[in-house]
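Reading the structure
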Amino acid sequence: MWNAIAKRISERTGAAFRLANARPVGGGCINEAYRLDGDGGPFFAKLNRADALEMFEAEADGLRDIADTGTIRVPNPVCHGTNGDRAYLVLEHIELGHTGSQAELGRRLAKLHAVPQASFGWRRDNTIGSTPQLNPTSNNWVAFLREHRLDFQCRLAKRNGLRLDGANELLGQLDGFFAGYEPRPSLLHGDLWSGNVAFGPGGEPVIFDPATYCGDREAEFGLAEMFGGFGSDFWEAYKAEWPLDAGYPTRKQLYRLYHTLNHFNLFGGGYGSEAEGIVGRLLRAR
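Residues numbered from 1 in each chain as written. Predicted model: local features only at pLDDT ≥ 70, side-chain atom pairs only at ≥ 80, totals over all residues. Heavy atoms only, no water.

Next up on the list: the nonpolar core. In this structure, Trp-141, Leu-150, Leu-164, Phe-178, Leu-254, Leu-257 and Leu-261 are the most contacted members of the largest nonpolar core, which totals 34 residues. Every element with two or more residues in this core is listed here: helix H4 (141-159), helix H5 (167-172), helix H8 (248-267) and helix H9 (271-285). Ranked by the residues each element gives to this core, the list is headed by H4, at seven residues. Within the second largest apolar cluster, 31 residues are counted, among which are Ala-87, Leu-105, Cys-214 and Phe-221. (Core = buried A, V, L, I, M, F, W, Y, C linked by side-chain atoms within 4.5 Å. Buried < 20%, exposed > 50% of the residue type's maximum accessible area, 1.4 Å probe, protein only. Helix = DSSP H or I, 4+ residues; strand = E, 2+ residues; numbered from the N terminus.)

Taken as a whole, the second largest pocket encloses approximately 280 Å³ of empty space. Surrounding the second largest pocket, 15 residues form its lining, Asp-51, Glu-54, Met-55, Thr-127 and Ser-130 being those nearest its centre. Elements represented by at least two residues in the lining of the second largest pocket include exactly strand E3 (43-49), helix H2 (53-68) and strand E6 (126-128). With three residues, H2 is the single largest residue contributor to the lining of the second largest pocket. In terms of residue class, the lining of the second largest pocket is made up of six nonpolar, four polar and five charged. (1 Å grid on protein atoms, 1.4 Å probe; cavity = no way out; pocket = protein on both sides within 12 Å on 5 of 7 lines; lining within 4 Å. Points joined across faces, edges and corners; volume = space filled by probe spheres on them. Nonpolar A, V, L, I, M, F, W, Y, C, P; charged D, E, K, R; others polar.)

Turning our eyes to something else, we now look at the pattern of salt bridges. On inspection of all chains with the given rule, the structure shows 24 salt bridges. Measuring nitrogen to oxygen at the nearest pair gives 2.8 Å for the salt bridge that ties Glu-218 to Arg-251. Placement of the pair is Glu-218 in the loop between strand E11 (213-215) and helix H6 (221-227) and Arg-251 in helix H8, with a sequence separation of 33 residues. There is no split in this pair, since Glu-218 and Arg-251 are both buried. Each of Glu-57, Asp-61, Arg-64, Asp-65, Arg-123 and Arg-124 takes part in a single network of salt bridges with overlapping partners. (Salt bridge = Lys/Arg side-chain N within 4 Å of Asp/Glu carboxyl O.)

A cis geometry characterises the amide bond from Gly-41 onward to Pro-42, with omega recorded as 5 degrees. The topology assignment puts Pro-42 in the loop between strand E2 (32-39) and E3. Located in the positive-phi region is Leu-164, a residue other than glycine, with phi close to 55 degrees. Considering the arrangement of structural elements, one finds Leu-164 in the loop between H4 and H5. Non-glycine residue Asp-209 carries a positive phi angle of around 50 degrees.

This paragraph deals with the packing of helix H3 (residues 102-114) against helix H7 (residues 232-241). Between H3 and H7, whose axes approach to 7 Å, the crossing angle comes to 35 degrees. The hand of the H3/H7 crossing is right-handed. Within the contact between the two elements, H3 uses Gln-102, Ala-103, Leu-105, Gly-106, Arg-107, Leu-109, Ala-110, Lys-111 and His-113 and H7 uses Asp-233, Phe-234, Ala-237, Tyr-238 and Glu-241. For the contact of H3 with H7, a count of residues per class yields seven nonpolar, three polar and four charged. (Axes fitted to C-alpha atoms, helices over the stretch in contact; angles between N-to-C directions. Left-handed = near helix turned anticlockwise from the far one by under 90°. Contact = heavy atoms within 4.5 Å.)

Quick look at the structure:
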């Protein structure tokens, strides 16, 4: 398998890559991850089952779309494919660390969100973690959020045994949370938490492992605020570049609900009661 991947890397880069070592590295809970060293390297590779190829293809497309904005660095996709019962995605290897400017991260993310987009959704479906994420084109953000984000996750959570009392009532009241606020489509990373952010050798911000689509920019922060890791410098710089709407402190709970439900659907446990608590708080806010 590794020889076949090395050959594919050589074909895509136009430079011979001779693999000397494939070393396992931390790659999250969904994929296996490796650093590929050798002449013409290194590269970073992810492996999964062969049926995960579409997930890798969508990730590569998301990275390219973010890179094309010229606003924030991402690893450059090199190649993807299958070999036997395995799917792979090979990316540019970037030496990542934790030393860099949170303010610069905030500024560049705001610039990414400010790049004009034609509509909500995306040109293809993808995944959030390993959960399907549907991205049909839409000009109505509230309808998109209701049907393809919150209701999708609610129905899945109920099939997984969560009661979610009040969820249907909340979905019926969704328009009220957007009174006086008209989101415009922004290209989102889509799975932004501290584990998907780092800094390159020169301290430049790098984001990776996206679940890309075009949505309300506020949706970017449903997960960012769920797990922390983004300091005051980040928020001040983002808001200085593009201030957040006054209704954000309430609406961010809608976006947190999406990710909390997804975590319940992936991992179970206390995420279910947390999601039910968010539903209750949002209903009281109305």
